[in-house]
Amino acid sequence: MTSNTSQPHAVSVALQKGGVGKTTLAINLADRLTAQGHEVLLADLDQQGNATEGVGLAEHYTADTHLGHFLEDEDSVQFSDIVHSAHGFDVLPANKDYDDLEDKIRTTSFAELWLRRQIVDPFLGDTYDYIVFDSPPNLGPLSDASLVASRNVVIPLLMSEPSVSGFERMYTQQIQPLRNEFEINILAIVPNALSGDNEERRIIGDLEESQFGSLLPTFARSAQFDESPGPGIRSRIAFKRAYREGKPLAKFEPENDMIPRLDELATIVENGGIEDG
């Protein structure tokens, strides 16, 4: 579906349904891109600040200076004032005042382009090879701005009907309308937190037969049911423990069996999608 271009990309990890492991995937994608030798920015756009906490920067969630100030032309805030480092990559923390930022984007003309013009365009390919946005788990101005800024999206899915319905809503109510103005590419659909049951097998099979079948990584396809440990990003207690310690999975448990799959996802992002064949 794509060529192996390995060019700088911005990418949003997004689904308009909470509790699907979106933040965990964003943190670990940033970490694995860093492990492959890239300069990476993880930008937390979720008002809840989970990615900020998950990389050990929870104290910055209540900072007086944040992304909203940087995006407002009248403020003299430098990018370096709001970016912090953790685990080898840079982090743009979320903030408790993101509701105010979302209101400003909602009520200001062309504000959905702010992130693209003031974060992606100036820094991608110069300061950073990859920018990973952890998007809010809802339809709204910030999640729209994330997709407009990145133009690429990775979608984590639980193998459950509510999660699949969340993706269907996102596709019809957000991605398709935005595609009238911008090129929005789905790089991968990632079955996440799988434990192994017949419902998971059924939903993966349905996805494979749908228009989105080519967006499933090799490690997430039905053929993996015949292999150990099975398809997708598997449910591992180490993900939760790593989050509590404010670390990516590989920093917490370097031999975890999900790290090669996270590396494969990082390669998909590098390549700008899943390669044909």
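Here the structure is a predicted model, which is why all the values come from computation and not from measurement. (Residues numbered from 1 in each chain as written. Predicted model: local features only at pLDDT ≥ 70, side-chain atom pairs only at ≥ 80, totals over all residues. Heavy atoms only, no water.)

A.B. asks: Would you mind going over the packing of helix α6 (residues 141-150) against helix α7 (residues 161-178) with me for this structure?
C.D. replies: It is the contact of α6 with α7, at a shortest axis distance of 10 Å, that shows an interaxial angle of 50°. Comparing their axes, α7 and α6 come out oblique. At the point where α6 passes α7, the crossing takes the right-handed sense. Residue-level inspection shows Ser143, Asp144, Leu147 and Val148 of α6 in contact with α7, the latter providing Met170, Gln174, Ile175 and Leu178. Its residues assigned to classes, the contact of α6 with α7 comprises five nonpolar, two polar and one charged. (Axes fitted to C-alpha atoms, helices over the stretch in contact; angles between N-to-C directions. Helix = DSSP H or I, 4+ residues; strand = E, 2+ residues; numbered from the N terminus. Parallel < 35°, antiparallel > 145°, perpendicular 65-115°, else oblique. Left-handed = near helix turned anticlockwise from the far one by under 90°. Contact = heavy atoms within 4.5 Å. Nonpolar A, V, L, I, M, F, W, Y, C, P; charged D, E, K, R; others polar.)

A.B. asks: How do you make sense of the packing of helix α5 (residues 114-123) against α6 when you look at a structure like this?
C.D. replies: The relative placement of two packed helices comes down to the angle between their axes together with the axis-to-axis distance. Contact pair α5 / α6: the axes reach a minimum separation of 8 Å and the direction vectors enclose 50°. Classed by the angle they form, the pair α5 and α6 counts as oblique. Read as a crossing pair, α5 and α6 show a hand that is right-handed. Residue-level contacts link Leu115, Arg116 and Val120 of α5 to Ala145, Ser146, Val148, Ala149 and Ser150 of α6. In the contact of α5 with α6, the residues fall into five nonpolar, two polar and one charged.

A.B. asks: Explain the pattern of salt bridges to me, please; I cannot follow it from the model alone.
C.D. replies: Pairing is possible between side chains of opposite charge, provided their charged atoms come close. Applying the stated rule across the entire model yields 14 salt bridges. As a salt-bridge pair, Asp46 and Lys22 come within 3.5 Å of each other at their nearest N and O atoms. Of this pair, Asp46 sits in the loop between β2 (40-44) and α2 (50-54) while Lys22 sits in helix α1 (residues 22-35); the two residues are 24 residues apart in sequence, bridging distant segments of the chain. Each member of the pair, Asp46 as well as Lys22, is classed as buried. Asp31 serves as the salt-bridge partner of Arg32, at 3.0 Å between the closest nitrogen and oxygen. Three or more residues joined by partner-sharing salt bridges are found here, namely Asp31, Arg32, Lys251 and Asp263. (Salt bridge = Lys/Arg side-chain N within 4 Å of Asp/Glu carboxyl O. Buried < 20%, exposed > 50% of the residue type's maximum accessible area, 1.4 Å probe, protein only.)

A.B. asks: Quick question: what am I supposed to make of the side chain of Gln174 here?
C.D. replies: Note that Gln174 resides in helix α7. Of the residues examined, Gln174 reaches a relative accessible area of 2% and is grouped as buried. Look past the residues within four positions of Gln174 in its chain and what remains in contact with it is Gln16, Leu139, Ser143, Asp144, Leu147 and Arg169.

A.B. asks: Which parts of the structure should I look at to understand the nonpolar core?
C.D. replies: Generally speaking, soluble globular proteins have nonpolar side chains that are buried together. Membership of the largest hydrophobic core comes to 65 residues, with the highest contact counts inside it found for Val132 and Ile155. Contacts of Val132, omitting those with residues within four sequence positions, involve Val11, Val13, Ala26, Leu29, Ala30, Leu33, Val40, Leu41, Leu42 and Ala43. If you look at the next biggest cluster of nonpolar residues, it comprises 28 residues, including Phe70, Leu71, Tyr128 and Ala149. (Core = buried A, V, L, I, M, F, W, Y, C linked by side-chain atoms within 4.5 Å.)

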